[in-house]
Amino acid sequence: MSQSVDLARAQQRFARRQRLVRWRSWLPWTVGGGLVVLAGLIVWLFYFSSAFAVSGVRISGADTVPVATIEQTAAVPTGTPLAKVGLRSIADRVRTIPAVADAQVTRAWPRKIVIVVTERVPVVVVTDGSRYELVDATGTAYRTVPDRPAGLPEAKVTGVRRDVTVHSVVTVSAALPDTLRAQVGSISAASPDSITLNLSSGVKVVWGSSDDSARKAEVLSVLMKRQAKVYDVSAPDLPVTKGEKR
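The rules behind these values
- Residues numbered from 1 in each chain as written.
- Predicted model: local features only at pLDDT ≥ 70, side-chain atom pairs only at ≥ 80, totals over all residues.
- Heavy atoms only, no water.
- Helix = DSSP H or I, 4+ residues; strand = E, 2+ residues; numbered from the N terminus.
- Contact = heavy atoms within 4.5 Å.
- Axes fitted to C-alpha atoms, helices over the stretch in contact; angles between N-to-C directions.
- Parallel < 35°, antiparallel > 145°, perpendicular 65-115°, else oblique.
- Left-handed = near helix turned anticlockwise from the far one by under 90°.
- Core = buried A, V, L, I, M, F, W, Y, C linked by side-chain atoms within 4.5 Å.
- Buried < 20%, exposed > 50% of the residue type's maximum accessible area, 1.4 Å probe, protein only.
- Pairing = 2+ DSSP bridges.
- Salt bridge = Lys/Arg side-chain N within 4 Å of Asp/Glu carboxyl O.
- Phe/Tyr/Trp six-rings, centres within 6.5 Å; stacked < 30°, edge-to-face > 60°.

When you go through the chain residue by residue, the secondary structure sums to six helices and twelve strands. A separation of at least 24 residues holds for 46% of the contacts in the chain among residues at least 6 apart in sequence.

Now for the packing of helix α4 (residues 162–175) against helix α6 (residues 213–223). The N-to-C vectors of α4 and α6 enclose an angle of 45 degrees; their axes lie 9 Å apart at closest approach. As summarised for this structure, α4 and α6 are arranged oblique, according to the angle between their axes. As α4 runs across α6, the sense of the crossing is right-handed. Between α4 and α6, the contacting residues are T171, V172 and A175 on the first element and S213, A214 and A217 on the second.

The next thing to look at is the nonpolar core. In this structure, V205 and W207 are the most contacted members of the largest nonpolar core, which totals 27 residues. Elements supplying a minimum of two residues to this core: β4 (122–127), β7 (154–157), α4, β8 (184–189), β9 (195–199), β10 (204–208) and α6. With residues up to four places along the chain from it excluded, the contact list for W207 reads V172, L176, I195, T196, L197, S213, K216, A217, L220, V233 and S234. By size, the runner-up hydrophobic cluster in this structure holds 25 residues, among which are I59, A74, L134 and Y142.

Moving on, we come to the sheet that holds strand β1 (residues 56–60). Taken in spatial order, the three strands line up as β1-β3-β2 in an open sheet, and their pairing is mixed. Bordering the open sheet on either side are β1 and β2 (100–108), each of which pairs with just one other strand. When the angles between neighbouring strand axes are averaged without regard to direction, this sheet yields 20 degrees. Two elements, β1 and strand β3 (residues 112–119), share five bridges in a ladder whose sense is parallel. Bridged to S60 within β3 is V116.

What follows covers the pattern of salt bridges. Where charged atoms from two side chains of opposite charge approach closely, those side chains can pair. Summed over all chains, the structure comprises eight salt bridges. A salt bridge links E133 to R131, with the shortest nitrogen-to-oxygen separation between them at 3.9 Å. Its relative accessible area of 11% is what places E133 among the buried residues. A relative accessible area of 37% places R131 in the partly exposed class. Of the charged contacts, one joins R215 and D237 as a salt bridge, the two residues approaching to 3.5 Å between their closest N and O atoms. In this pair, R215 sits in helix α6 while D237 sits in the loop between β11 (230–232) and β12 (240–242), placing the two residues 22 residues apart along the sequence.

Counting buried positions along strand β5 (residues 132–136) gives four out of five residues, so the element sits mostly inside the fold. Across five bridges, β4 lies against β5 in antiparallel orientation. Opposite T127, over in β5, you have Y132 as the bridge partner. Connecting the antiparallel pair β4 and β5 is a turn made up of four residues, with G129 showing a positive phi of about 105 degrees. Note: β5 against strand β6 (residues 141–145), four bridges, orientation antiparallel. From the neighbouring strand, V135 faces β6, where its bridge partner is A141. As consecutive antiparallel partners, β5 and β6 are separated by four residues, and within that stretch G139 has a phi angle of approximately 85 degrees, a positive value.

What follows is about the environment of E71. Considering the arrangement of structural elements, one finds E71 in helix α2 (residues 67–74). For the pair E71 and I59, spaced twelve residues apart in the sequence, the C-alpha separation amounts to 8.2 Å.

Considering all chains together, one arrives at one aromatic pair under this definition. Seen from their ring centres, F52 and W109 are 6.0 Å apart, and the 80 degrees between their planes marks the pair as edge-to-face. Here F52, found in the loop between α1 (2–47) and β1, pairs with W109, found in the loop between β2 and β3; they are 57 residues apart in sequence, far enough to count as distant.

Structure (structure tokens):
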């Protein structure tokens, strides 16, 4: 009787070991299969279902550019799964707006696209006598306005190399100390090498080209300690004054 009981117990232990061996052999396949199913579910959820589809756009940084213009230009595909939306394409489209210097586009889970724009800041207003163009620090003319904005130097640009001349004017304006820039009534430029500052007091500053603008600004600050009608710093190592009061 005792032997029969021991045999039965041994058979039970063997059976349990066999089941454990089979379970361990199937465990990696079971776990792997579960992970594949889970991955497939996640892919379907984020890329093909409407659970995380784009429902709207959030825009920030727009002060002068209408939000409606940005939304229309961005052409964000609402209803498309958020994970499938091409952020770079949206940013590239927004950057085509003349007054936008840059745009950054990100996803805001679960259902929003966020667009952060950086607008151009005018440093000079360029005129041909009939219109005024706002120009930023890169020399890009991005907006035409009917009246001259207050607080910006006015640049009267003529000649055939207009874009190059405008860029030179911007370089000169950026090199001016704030106190001097505030005195500039207008800037005349027939070419990139013939830039003249017309101060509100009636004084003229012959600047020449935009080369060595920082050096020219330093020389001019010293020259203006003498009262004169014309200051010529086109050759900063040989500056000239005219109409000097003695």
